[in-house]
Amino acid sequence: MKGALRKQFWAFVGKEFIHILRDPYTLLILILMPIVEILLFGFALNMDVTNIRTAVVSLGESRYTQKLQDKLRSHPDFILYNGTLSVYEAEQLLQANQLDMYLVIPEGFEKEVYTRQPTEIQVVVDASDPNAGEIRVSYVSAIFASVMRDELGTTQAPYTIDVNSRMLYNPMMRSSYNFVPGIMGLVFIVLCTIMTSVSIAREKERGSMELLLASPASATVMVLAKTVPYFVVSLVNIASILLLSYFTLGVPIRGSLILLVFVTMLYVFVALAIGLAISSIVESQKEAVILSGFGMMMPTILLSGMLFPIANMPLVLQWISTIVPAKYYIDAARKVMIQGVGLEVIWPQVLALTVIVVVMMSIAIAKVKPRLR
């Protein structure tokens, strides 16, 4: 009796192994997903702030300005702007996303330091990401204090010198300003990709793809027709999420609402196109959901700039991030909502999303076309 039970047990074990081996997508996820996750989290989880694009604006002659510039230029975390700027020009560069921060050395600074009169320098920083803004200010404050100690020959910076920081775009330092556009990018890409990823796969599973063989419709017409209903449903999601972001979470929309809605609709269309491309490649709805869910969620969380600065990642991951659609949408949404910029600033992101739409729709149409012949 025990021998019979043992045989039954191992027979069922063998059967389950056969099922696993017959499902390559599940096997691939079971084996490769832990490896991919540990590598991505290991390299992408970096809270350090690097590549800080900085300018120094001096309103008067001062040897401390040159010393500060030399210190910043030699520091690995700073990229110093080469050239002379006025406060207005520095402000314009910051608003155009060409600078992360700038320092203003006031007129008569050297004289006031020499006579030990109270004085200050101003640090203006992009605080649309409040954590990064605070870290940038702390970094540059430490460097400035180091310069003053070296010049004055003291162990600590004079108490009469104050670093006055101005947090641009987010003076209240609310974390929602940074996270809400990222959450929007994650929700739209995962939800919309899953919605359309099962559409063509459902036809294959039910055998109704054969009916389409007799249809006079072209592959382009069929793919676009499958997109429209999901796009209309997504418009409701766009409206509800934007309303909640503004009225409930308190995230401002400083730029054009029309531009924000347009970029969001384009991004949703990108997600729907990716779902159709996945659906045209796989053979079952289960495979479609697995690929669209896992395939969109992990890259969006780790490689879009949603949580971790892309500039801090290894060069290979920075290259990979260029094919992550959420990277372009989150960047554009933050700039329109928090910084209030227009299309003249975010057009590269809009162009990138448009290219992804064309590529994904082309893949879906190309894969469906042979079935319709």
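Thresholds, definitions, all that
- Residues numbered from 1 in each chain as written.
- Predicted model: local features only at pLDDT ≥ 70, side-chain atom pairs only at ≥ 80, totals over all residues.
- Heavy atoms only, no water.
- Helix = DSSP H or I, 4+ residues; strand = E, 2+ residues; numbered from the N terminus.
- Buried < 20%, exposed > 50% of the residue type's maximum accessible area, 1.4 Å probe, protein only.
- Contact = heavy atoms within 4.5 Å.
- Areas by Shrake-Rupley, 256 points an atom, 1.4 Å probe, with all protein chains shown as cover.
- Pairing = 2+ DSSP bridges.
- Right-handed = clockwise from strand over helix to strand, strands pointing away.
- Axes fitted to C-alpha atoms, helices over the stretch in contact; angles between N-to-C directions.
- Parallel < 35°, antiparallel > 145°, perpendicular 65-115°, else oblique.
- Left-handed = near helix turned anticlockwise from the far one by under 90°.
- Nonpolar A, V, L, I, M, F, W, Y, C, P; charged D, E, K, R; others polar.
- Patch = residues over 30% accessible without salt bridge, like charges linked within 9 Å, V, L, I, M, F, W, Y side chains within 5 Å.
- Salt bridge = Lys/Arg side-chain N within 4 Å of Asp/Glu carboxyl O.
- Core = buried A, V, L, I, M, F, W, Y, C linked by side-chain atoms within 4.5 Å.
- Expected span 1.5 Å × (residues − 1).

A. Structural view of the overall build of the protein chain. Helices and strands together make up the secondary structure of the protein chain, namely 15 helices and five strands. Classification of the 373 residues of the protein chain by burial places 45% in the buried group. Taking as baseline every contact in the protein chain between residues at least 6 positions apart, the subset at least 24 positions apart corresponds to 78%. When the accessible surface of the protein chain is totalled, it reaches about 19,200 Å², and 65% of it is carbon and sulfur.

B. Highlighting unusual backbone geometry. Despite not being glycine, Asn51 shows a phi value in the positive range, around 50 degrees. Within the secondary structure, Asn51 sits in the loop between helix H2 (24–44) and strand E1 (52–58).

C. Examining the pairing of E1 more closely. For E1, the tally of buried residues reaches five of seven residues, placing the bulk of the element in the interior. Bridge analysis of E1 against strand E2 (residues 78–80) gives three bridges, and the strand direction is parallel. Its bridge partner being in E2, Arg53 is matched across the sheet by Ile79. Remark: the E1/helix H3 (residues 63–74)/E2 crossover connection has right-handed handedness.

D. Quick look at the environment of Leu242. Mapping Leu242 onto the fold places it in helix H10 (residues 219–248). Spatially, the C-alpha atoms of Leu242 and Val261 are 8.7 Å apart, while their sequence positions differ by 19 residues. Setting aside anything within four residues of it in sequence, one finds Leu242 in contact with Met184, Leu260 and Val261.

E. Representation of the packing of helix H7 (residues 176–197) against helix H11 (residues 257–281) within the structure. Close contact between H7 and H11 brings their axes to 7 Å; oriented N to C, the two are set at 40 degrees. In terms of their interaxial angle, H7 and H11 are classed as oblique. Once H7 is placed against H11, the crossing between them reads as right-handed. On H11, the residues touching Gly185, Phe188, Ile189, Cys192, Thr193, Met195, Thr196 and Ser197 of H7 are Thr264, Tyr267, Val268, Ala271, Leu272, Ile274, Gly275, Leu276, Ile278 and Ser279. Among the residues forming the contact of H7 with H11, the class breakdown is eleven nonpolar, seven polar and no charged.

F. Spatial organisation of a nonpolar patch on the surface. Together, Ile281, Leu343, Trp347, Leu351, Val355, Val359 and Ile363 make up an exposed nonpolar region whose accessible area comes to about 620 Å². Owing to a relative accessible area of 41%, Val359 belongs among the partly exposed residues under this scheme.

G. Focus on the pattern of salt bridges. Counting across every chain of the model gives five salt bridges. In this structure, the salt-bridge partner of Arg53 is Asp100, at a minimum N-O distance of 2.9 Å. You can see Arg53 sitting in strand E1 and its partner Asp100 sitting in the loop between helix H4 (87–95) and strand E3 (101–105), a full 47 residues away along the chain. Since its relative accessible area comes to 7%, Asp100 is described here as buried. The shortest N-O distance in the salt bridge between Lys335 and Asp331 comes to 3.5 Å. In this pair, Lys335 and Asp331 both sit in helix H14 (residues 325–339), four residues apart, roughly one turn of the helix. Given a relative accessible area of 29%, Asp331 falls into the partly exposed group. Each member of the salt-bridge network shares a partner with another, and the members are Arg53, Asp100 and Arg136.

H. A look at the nonpolar core. Counting residues in hydrophobic clusters, the biggest one holds 79 residues, and the most contacted among them are Tyr102, Met184, Phe188, Val263, Tyr329, Ile346 and Leu353. Broken down by element, this core gets its largest block of residues, 14 residues, from H11. Apart from the residues lying within four places of it in its own chain, the contact partners of Tyr102 are Ala55, Val57, Val87, Ala90, Glu91, Leu94, Gln122, Val123, Val124 and Arg166. Grouped together as the second largest cluster of nonpolar side chains are 25 residues, Val56, Ile105, Val125 and Val137 included.

I. View of H10. For H10, with 30 residues, the first-to-last C-alpha span of 43 Å sits near the 44 Å given by 1.5 Å per residue. Downstream of H10 by a residue or two, Gly250 has a phi angle that is positive, lying close to 75 degrees.

J. A look at the side chain of Gln349. Within the secondary structure, Gln349 is located in helix H15 (residues 343–372). The residues touching Gln349, leaving out its near neighbours within four places in the chain, are Tyr328, Asp331, Ala332 and Lys335.

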